[in-house]
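# Observations on chain architecture
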Amino acid sequence: MNQKSLKVVECSGTPHEMGRQYGEQAWEEIRHNVNLFAVKRPESMLLEMKHILDRWAPEILDELAGMAEGAQVDLYALLAMNCWELNGEDADRCTVVVVHSPREGILIAKNNDSPPTEDGRFLIRRGKADGGLPFFQVGYAGSLSGLDMMNAEGLCNTHGSVGSCFARTGMRLDIRLQLYRLMQRCRNTDELVAGLNEIPLTGKGFSIAVADKRGSSVILDAAVPFLAVRARDRAFAYSTNLYEYPGMENSDMRLPEKRTVCVFRQGYLRWREENLPPQTLDDLKQLLSSHDPWAPCRHGGLHKSITDWSMIGLPQTGKLLVAHGSPCNHRYHEYSLS
């Protein structure tokens, strides 16, 4: 099992101030992840990453500079962690789910999984940038990804990695960073989808569940630079690191044998949809902690990955539930933006 307890950090102010506070509070976890995930990039590529942020998202560059200062790490190492993650070969992890509950309203959830040998550091971050919406993030320390994030307007998203076989050349911003920008200003699902079409995007390619407190939900098959919307407002929607939009099913970068675990989990969730769909928060917790064959709670072996943590967003109440470990063995802690 990877890290069992997620540190909670608090950040506010200007982008640079938020980054510095982040770095000071989580310097140990950030340094660990920089050493674990840093990929050696040619200097020309690092300068191009910086130039792209200068053009599309200078506030993110300011925040990364503050984080580098606070954690005393190299800015370019943080750039390499936060930009252009193109490898989709190992994208067979994580399960995302949306439930339209007659009792609790819309619920959006994720089990986050990693290989048994990976030792990444995760944390929960609560932030409020000057002029932006308050938010929660759950993810890797040092990442400014807007994936697995919820804001004070009740807009929430969760994701699974997939990959993309499409060309992504030119001045493109990583989709994770564009989502970080959008989650600080968008108030509903439609605004977020529109915002993802504002500028050219790059990145690994993801399947992203989005839901808001109005009760609107979608699954985004984001085989960047292309984005497709499916499963709009479906009573029970899910993704298992596969694209399902017609014509995009094979748009990842993986060999067929790399997709086996994803296909089996997809089959299990289809069976649940047809026979025993979750309808309440308790049903959803049971699903996320289930050890049925190819169910979402994973402990290595044939599943290949281990569930690090689990999150459930309750957009209508502005609450986020996080299990600091596999949900079968760890209770959910409640966090609120109010």
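What you are looking at is a predicted structure, and each value in this text was computed from that prediction instead of being measured. (Residues numbered from 1 in each chain as written. Predicted model: local features only at pLDDT ≥ 70, side-chain atom pairs only at ≥ 80, totals over all residues. Heavy atoms only, no water.)

Further remarks concern the nonpolar core. Counting residues in each nonpolar core, the largest one holds 55 residues, and the members touching the most others are Tyr-22, Ile-30, Leu-53, Leu-64, Ile-175 and Ile-208. Residues in contact with Ile-175, not counting those within four places in the same chain, are Leu-196, Leu-201, Thr-202, Phe-206, Ile-208, Ala-222, Val-224 and Leu-227. (Core = buried A, V, L, I, M, F, W, Y, C linked by side-chain atoms within 4.5 Å. Buried < 20%, exposed > 50% of the residue type's maximum accessible area, 1.4 Å probe, protein only. Contact = heavy atoms within 4.5 Å.)

Where burial is concerned, most of strand S15 (residues 319-323) is hidden: four out of the five residues are buried. Here strand S14 (residues 306-314) pairs with S15 via five bridges, running antiparallel. For Ile-312, the partnering residue across the bridge sits in S15 and is Leu-321. Sheet topology places S15 next to strand S16 (residues 332-336); five bridges connect them, and they run antiparallel. Among the inter-strand pairings, Val-322 is bridged to a residue of S16, identified as His-333. (Helix = DSSP H or I, 4+ residues; strand = E, 2+ residues; numbered from the N terminus. Pairing = 2+ DSSP bridges.)

Two elements in contact, helix H4 (residues 58-71) and helix H5 (residues 75-82), have axes separated by 9 Å at closest approach and are oriented at 125°. The pairing of H4 with H5 is recorded here as oblique in orientation. Note on packing geometry: the crossing formed by H4 with H5 is right-handed. When H4 is examined against H5, the residues Leu-61, Leu-64, Ala-65, Met-67 and Ala-68 are found in contact with a partner set consisting of Leu-75, Leu-78, Leu-79 and Asn-82. (Axes fitted to C-alpha atoms, helices over the stretch in contact; angles between N-to-C directions. Parallel < 35°, antiparallel > 145°, perpendicular 65-115°, else oblique. Left-handed = near helix turned anticlockwise from the far one by under 90°.)

Attention shifts here to the sheet that holds S15. If you trace the six strands from one edge of the open sheet to the other, you get S13-S2-S3-S14-S15-S16, paired in antiparallel fashion. Looking at which strands have only one partner, the edges of the open sheet turn out to be strand S13 (236-239) and S16. Direction aside, the axes of adjacent strands within the sheet are offset by 15° on average. Here strand S3 (residues 105-114) pairs with S14 via seven bridges, running antiparallel. Opposite Lys-110, over in S14, you have Met-311 as the bridge partner.

Turning next to the packing of helix H2 (residues 27-37) against H4. Two numbers describe how H2 lies on H4: the axes approach to 9 Å, and their chain directions differ by 105°. Considering the angle they form, H2 stands roughly perpendicular to H4. Here H2 contributes Trp-27, Ile-30 and Arg-31 to the contact with H4, which in turn contributes Met-67, Gly-70 and Ala-71. A per-class count over the contact of H2 with H4 returns four nonpolar, one polar and one charged. (Nonpolar A, V, L, I, M, F, W, Y, C, P; charged D, E, K, R; others polar.)

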